[in-house]
Amino acid sequence: MEDVKRGRARGENSWEIRDPIHGYIRVNELEKEIIDNRFLQRLKRIKQLGLVHVVYPGGEHSRFTHSLGTMHVAGLMGKRLESQGVIDEDDVQVLRLAGLIHDVGHGPFSHVFEDLLHEKRGMTHEDLTIWIVENTELKDILERGGYDAKKIAEISVGRYKGKKRFLNDVMVSGFCADILDYLERDSYHTGVEYGRIDVDRITNSVIALGDQLAIDATALYALESLIIARYEMFRAVYFHRTVRAATIMIREVMFLADAELGLTSFSSPGEYYRLVDEYVISSILDLKTASKKLELARDLLEKLLRRELLKSCYERVFHTHDTLYSSLIKEIKLREAIIGEIAELAEVEREDVYLDFPTLLSVPHYPLRDFPTYVRGEITPLTSISHLVSSLSGYMNVLRVYTWESHRERVTKASESVLGKPHFTLGISY
């Protein structure tokens, strides 16, 4: 087992993995067998942040290390709930295992592949996580250990419908183990300090109430810090305009090459196993076919590898309930019509205009749903006790238009004509 040293046995915890975020992460025999499995090892070849390293060179960490961290944080939350008497030691182990396997369904370049997967197969990485766990040796390993593989897979993606449904919230909520790990980890590796949060304070403040988890209001400052960290990391890292330029390019590459490479035609977990970042890059560069789509994909990929990126020429901010933004997400024909109109006005080829509107909410800070708070024996919306959170309540989404440098001025004017004058955007370090 890589990067692991054998330590003195601590009950079932017989190994320690040195992690830059959480220190030593202790691992037992069952967890070690899962970690050494090919589907967990595969995550070493998928970057956690997709193309973020184009802007932040240190952001090259993998889904594998994030999975280890999520397991650790899920275990901390589990121990807190165990101390309250609402779960037992086996439930804590279930949560750790759920954290460990929660990302096995991710494809090349993480969330970038999901757009292609959803359009071509109507699936998400959560669907594939359950599918992989239930149809591979992961199921055998978990069941030999005495655990229900289906239950663990469902908890890992927040879909468990049995008893103790609050276990879902450990994995999928506004303060879940996944978020608590990736904010700290992404902040550390990119060198962006905005993602630093008090993980210990939050994990030691969870309370199970009925079918959901809440956070004790005494951890108010830690919660506010978490919300600000999410907000700033989305703005500064995940939806940085240059990061999105590279993301658009690799997304287009995969769409163009899908038919040739069979990126979405897999029929077994074994076929899906090969789909990692370097497979996409090497396969496109090595294929000798003369199809027009693959030639376009190769040309775009080579530009990306040389860092000849698309340029943002229009940016507009949308807030909650904006009808245009909602329509863009739902209506493919509307998006195609807008791209065509901009290209026609700018007198450029339509394939030289890219409309970027993340379907994931770009700056999610919606505490009414994600942050139930425990105050004097009952659940209270965080907005009612925090003026800071109340002022941030809602969503902010960013719509951008990209093109090549040579077309920038014309596409900017055309975009303003079609989409309206953008709001003032401060241009810093892009």
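The structure displayed is predicted, hence computed values, not measured ones. Throughout, residues of each chain are indexed from 1 in the direction in which the sequence is written. It should be noted that, the model being predicted, local features are given only for residues of pLDDT at least 70 and side-chain atom pairs only at 80 or more, the latter also being counted only at that level, while totals for whole chains, interfaces and linings use all residues. To obtain the side-chain values, all non-hydrogen atoms of the structure were used and water was disregarded.

### Observations concerning the overall build of the chain
Move 1: The numbering of helices and of strands both runs from the N terminus, where a helix is a DSSP run of H or I of at least 4 residues and a strand a run of E of at least 2. Helices and strands together make up the secondary structure of the chain, namely 21 helices and 11 strands.
Move 2: Residue burial is assigned from relative accessible area. The probe radius is 1.4 Å, only protein chains are included, and a residue is buried under 20% of its type maximum, exposed over 50%, and partly exposed in between. Every one of the 430 residues in the chain was classed for burial, and the buried ones make up 56%.
Move 3: Contacts are assigned to residue pairs that have any heavy atoms within 4.5 Å of one another. In the chain, once contacts between residues fewer than 6 apart in sequence are set aside, the share between residues at least 24 apart is 72%.

### Focus on the confidence of the model for the chain
Move 1: On average, the chain scores 88 in pLDDT, and the residues at 70 or more come to 87%.
Move 2: Every residue is assigned a pLDDT by the predictor, reflecting its confidence on a scale from 0 to 100. Scored below 50 in pLDDT, residues 424-430 shows six contacts in the model against residues more than four places distant or in partner chains.

### Thoughts on the side chain of Asp103
Move 1: Among the secondary structure elements, Asp103 is positioned in the loop between helix H4 (89-101) and helix H5 (111-121).
Move 2: Overall, the relative accessible area of 2% leaves Asp103 in the buried class.
Move 3: Only 2.8 Å separates the side chain of Asp103 from the side chain of Arg63, close enough to count as a polar contact.
Move 4: Residues adjacent in sequence count toward polar contacts only when both atoms are side-chain atoms; beyond that, a polar contact is any pair of N or O atoms within 3.5 Å, and within protein one must be able to donate a hydrogen and the other to accept it. A polar contact of 3.3 Å, which involves the side chain of Asp103, links it to the side chain of His102.
Move 5: If near-sequence neighbours (up to four positions away) are discounted, Asp103 is found in contact with Leu43, Gln48, Arg63, His66, Ser67, His125 and Thr129.

### Points about H4
Move 1: Here H4 contains 13 residues, and its C-alpha end-to-end distance of 19 Å stays within 8% of the 18 Å for a straight helix at 1.5 Å per residue.
Move 2: The buried count for H4 comes to 11 of 13 residues, which makes it a mostly enclosed element.
Move 3: All buried positions along H4 are accounted for by Asp91, Val92, Gln93, Val94, Leu95, Arg96, Leu97, Ala98, Gly99, Leu100 and Ile101.
Move 4: Between the side-chain oxygen at the start of H4 and the backbone nitrogen of Asp90 there is a gap of 3.1 Å, and the oxygen is on Asp88. Expected helix span is taken as 1.5 Å per residue step, with the number of steps being one fewer than the number of residues.

### Brief notes about the pattern of salt bridges
Move 1: By salt bridge we mean one thing: a side-chain nitrogen of Lys or Arg within 4 Å of a carboxyl oxygen of Asp or Glu. Per the counting criterion, the structure on display carries 27 salt bridges.
Move 2: Between Arg38 and Glu137 there is a salt bridge whose closest N-O contact spans 2.8 Å. In this pair, Arg38 is assigned in helix H2 (residues 38-41) and Glu137 in helix H7 (residues 137-144), connecting sequence segments 99 residues apart.
Move 3: Residue class for Arg38 comes out partly exposed when judged on its relative accessible area of 34%.
Move 4: With a shortest N-O distance of 3.6 Å, Glu184 and Arg196 are connected by a salt bridge. Linking Glu184 in helix H10 (residues 177-190) with Arg196 in the loop between H10 and helix H11 (199-203), this pair joins segments that are 12 residues apart in sequence.
Move 5: Overall, Glu184 belongs to the buried group, its relative accessible area being 9%.
Move 6: Connected through shared salt-bridge partners, Asp19, Asp181 and Arg185 make up one network.

### Looking at the nonpolar core
Move 1: Put simply, buried Ala, Val, Leu, Ile, Met, Phe, Trp, Tyr and Cys residues joined by side-chain atoms within 4.5 Å make one nonpolar core. Core analysis: the biggest nonpolar cluster contains 116 residues, and Ile34, Phe175, Leu183, Leu226, Tyr238 and Ile284 have the highest contact counts within it.
Move 2: At 12 residues, helix H13 (residues 241-261) tops the list of elements feeding residues into this core.
Move 3: Once residues lying within four places of it in the same chain are set aside, the contact partners of Leu226 are Gly174, Phe175, Ile179, Leu180, Leu183, Ile197, Ile202 and Phe371.
Move 4: Membership of the second largest hydrophobic core comes to 16 residues, among which are Ile338, Ile339, Leu355 and Val401.

### As for the packing of helix H6 (residues 125-134) against H7
Move 1: Throughout, an axis means a line fitted to C-alpha atoms (over the contacting stretch in the case of helices), and angles, computed between N-to-C directions, take values from 0 to 180 degrees. Running from N to C, H6 and H7 cross one another at 65 degrees; their axes reach a closest spacing of 5 Å. By the angle between their directions, the pair H6 and H7 is classed as roughly perpendicular. Residues Ile132, Val133 and Glu134 of H6 lie in contact with H7, whose contacting residues are Leu138, Lys139 and Leu142.
Move 2: Each residue gets one label: Ala, Val, Leu, Ile, Met, Phe, Trp, Tyr, Cys and Pro are nonpolar, Asp, Glu, Lys and Arg are charged, and the others, such as Gly, are polar. When its residues are assigned to classes, the contact of H6 with H7 shows four nonpolar, no polar and two charged. Note that the term roughly parallel is reserved for angles under 35 degrees, roughly antiparallel for angles over 145, roughly perpendicular for angles of 65 to 115, and oblique for everything else.

### Things to note about the packing of aromatic side chains
Move 1: For this analysis, a ring pair means two rings from Phe, Tyr or Trp (six-membered ring only for Trp) whose centres lie within 6.5 Å, classed as stacked if their planes differ by under 30 degrees, edge-to-face if by over 60, and tilted for the remaining angles. Tallied over the entire structure, the rule returns seven aromatic pairs.
Move 2: Taking the centre distance of 6.3 Å and the plane angle of 50 degrees together, the rings of Phe113 and Tyr272 count as tilted. In this pair, Phe113 sits in helix H5 while Tyr272 sits in helix H14 (residues 269-273), placing the two residues 159 residues apart along the sequence.
Move 3: Measuring from centroid to centroid gives 4.7 Å for Phe266 and Tyr272, while their planes differ by 55 degrees, and the two rings are tilted.
Move 4: According to the relative accessible area criterion, Tyr272 is buried, its value standing at 0%.
Move 5: Through a chain of ring-to-ring contacts, three or more aromatic side chains come together here, namely Phe113, Trp131, Phe266 and Tyr272.
Move 6: The rule is short: NZ of Lys or CZ of Arg within 6 Å of the ring centre and within 35 degrees of the ring normal puts a charge over the ring. Over the ring of Trp15 we find Lys32; its NZ or CZ atom is 5.4 Å from the centre of that ring.
Move 7: Geometry around Phe64 places Lys44 over its ring, the cationic atom sitting 4.7 Å from the centre.

### Digging into helix H18 (residues 332-346)
Move 1: With 15 residues, H18 should cover 21 Å at 1.5 Å per step; its first-to-last C-alpha distance of 21 Å lies within 8% of that length.
Move 2: Residues of H18 that are buried: Arg335, Ile338, Ile339, Gly340, Ile342, Ala343 and Ala346.
Move 3: In the stretch just after H18, Glu347 is the one whose phi turns positive, near 60 degrees.

### Considering the sheet that holds strand E4 (residues 206-209)
Move 1: Note on pairing: DSSP must find at least two bridges between two strands before they are called paired. Strands sit in the order E4-E5-E9-E10 across an open sheet of four strands; the sheet is mixed. Two strands bound the open sheet, and with one partner strand each, they are E4 and strand E10 (378-381). Going across the sheet, the axis of each strand differs from the next one's by a mean of 50 degrees, ignoring polarity.
Move 2: The pairing of strand E9 (residues 372-375) with E10 spans four bridges and is antiparallel. Bridge pairing in E10 links Pro372 to Pro381.
Move 3: Sheet contacts for helix H3 (residues 63-83): E4 and strand E5 (212-216); angle to E4, the most-contacted strand, approximately 60 degrees.

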